[in-house]
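# An overview of the molecular structure
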Amino acid sequence: MWVGTMFGLNVFDPDELIIGEAKIDKYYQVINSDDQLSSNDVWDIHEDSNGVVWCATGGGITKYDPYIKQFNRNYLLKEEEFASVITSIVLDKEGNHWLVSLHTGLLKFDPKTKELKKYFDVESEDTEIRRITSVCLDGENYLWVGATNGVGRINLQTNEIKQFTYEKGSKKGTLSIRNIFVDSKKRIWLIPYSTGLILLDQKGEDHEFIEIRKGDCKDCLVDNDVFDIKEDKFGNL
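Remember, predicted model here, so these are calculated numbers, not experimental data.

### Thoughts on the sheet that holds strand β18 (residues 177-182)
- With antiparallel pairing, the four strands of this open sheet are ordered in space as β18-β19-β20-β21. With partners counted over all chains shown, the strands left at the sheet margins are β18 and β21 (206-212), one partner each. Each strand axis lies, on average, 25° off the axis of its neighbour in the sheet, ignoring direction.
- Two elements, strand β20 (residues 197-203) and β21, share seven bridges in a ladder whose sense is antiparallel. In the strand pairing of β21, Ile198 is matched with Glu211.

### Observations regarding the sheet that holds strand β13 (residues 142-147)
- Spatially, β12-β13-β14-β15 is the arrangement adopted by the four strands of the open sheet, whose pairing is antiparallel. A strand with exactly one partner marks an edge of an open sheet, and here the two such strands are β12 (132-137) and β15 (161-164). Between one strand and the next, the sheet's axes are offset by a mean angle of 20°, whatever the strand orientation.
- With six bridges connecting them, β13 and strand β14 (residues 150-155) associate as antiparallel partners. Directly across from Ala147, in β14, lies its bridge partner Gly150.

### Some words on the pattern of salt bridges
- In total, this model carries four salt bridges according to the counting rule given.
- With a shortest N-O distance of 3.0 Å, Asp225 and Arg178 are connected by a salt bridge. Taken as a pair, Asp225 in the segment after β21 and Arg178 in strand β18 lie far apart in primary sequence, 47 residues in all.
- For Arg178, a relative accessible area of 17% corresponds to the buried category.

Rules and cut-offs
- Residues numbered from 1 in each chain as written.
- Predicted model: local features only at pLDDT ≥ 70, side-chain atom pairs only at ≥ 80, totals over all residues.
- Heavy atoms only, no water.
- Pairing = 2+ DSSP bridges.
- Helix = DSSP H or I, 4+ residues; strand = E, 2+ residues; numbered from the N terminus.
- Axes fitted to C-alpha atoms, helices over the stretch in contact; angles between N-to-C directions.
- Salt bridge = Lys/Arg side-chain N within 4 Å of Asp/Glu carboxyl O.
- Buried < 20%, exposed > 50% of the residue type's maximum accessible area, 1.4 Å probe, protein only.

Rendered as structure tokens:
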């Protein structure tokens, strides 16, 4: 089990934790060391198909190779200062790394060519999506992007971008998205800031926003301040 915190990275075996014999390994940033974390602020963790662990940190990307048990800090970014604070990372079917940079926007790293490029600039006037906060893949060649001005979908084959406009009754506008999640049924779940949970229901070319908020009913949340959402092996969220 890999646990990212604002004070480093923790690793332990959950089976050992249950029987009270867990040893928690702790990793921290070490100044002027290339084989430790890039930063103690660990925002996101992703394991690829080869078992390599990628950590998005406040100082770039750190790669951990479990076969040689070694970290490689700033593996992708090197001297690219524009990509120093990475808050989210996902890998597509082609092995490309999609990164969310706090100060830059959406970045794409091609491990075959070693090319790192800006996909969306954080303040670009040429795109509809700005100040990206989160990304996820739906398994259908679409990259879903949550941002402070709504949610968008990128076709990874054509690079076509579709932005989904929020409409609920007489209300129309944009949503400020904290996080975004695609479940096993390809349903898109949006986590806006402090306003509950929203299901983006796609109906062909149309779409509908279904809101789930705090209340006393059995189908209501206990609080509107949602940070993350995950799915278990039974399909429960």
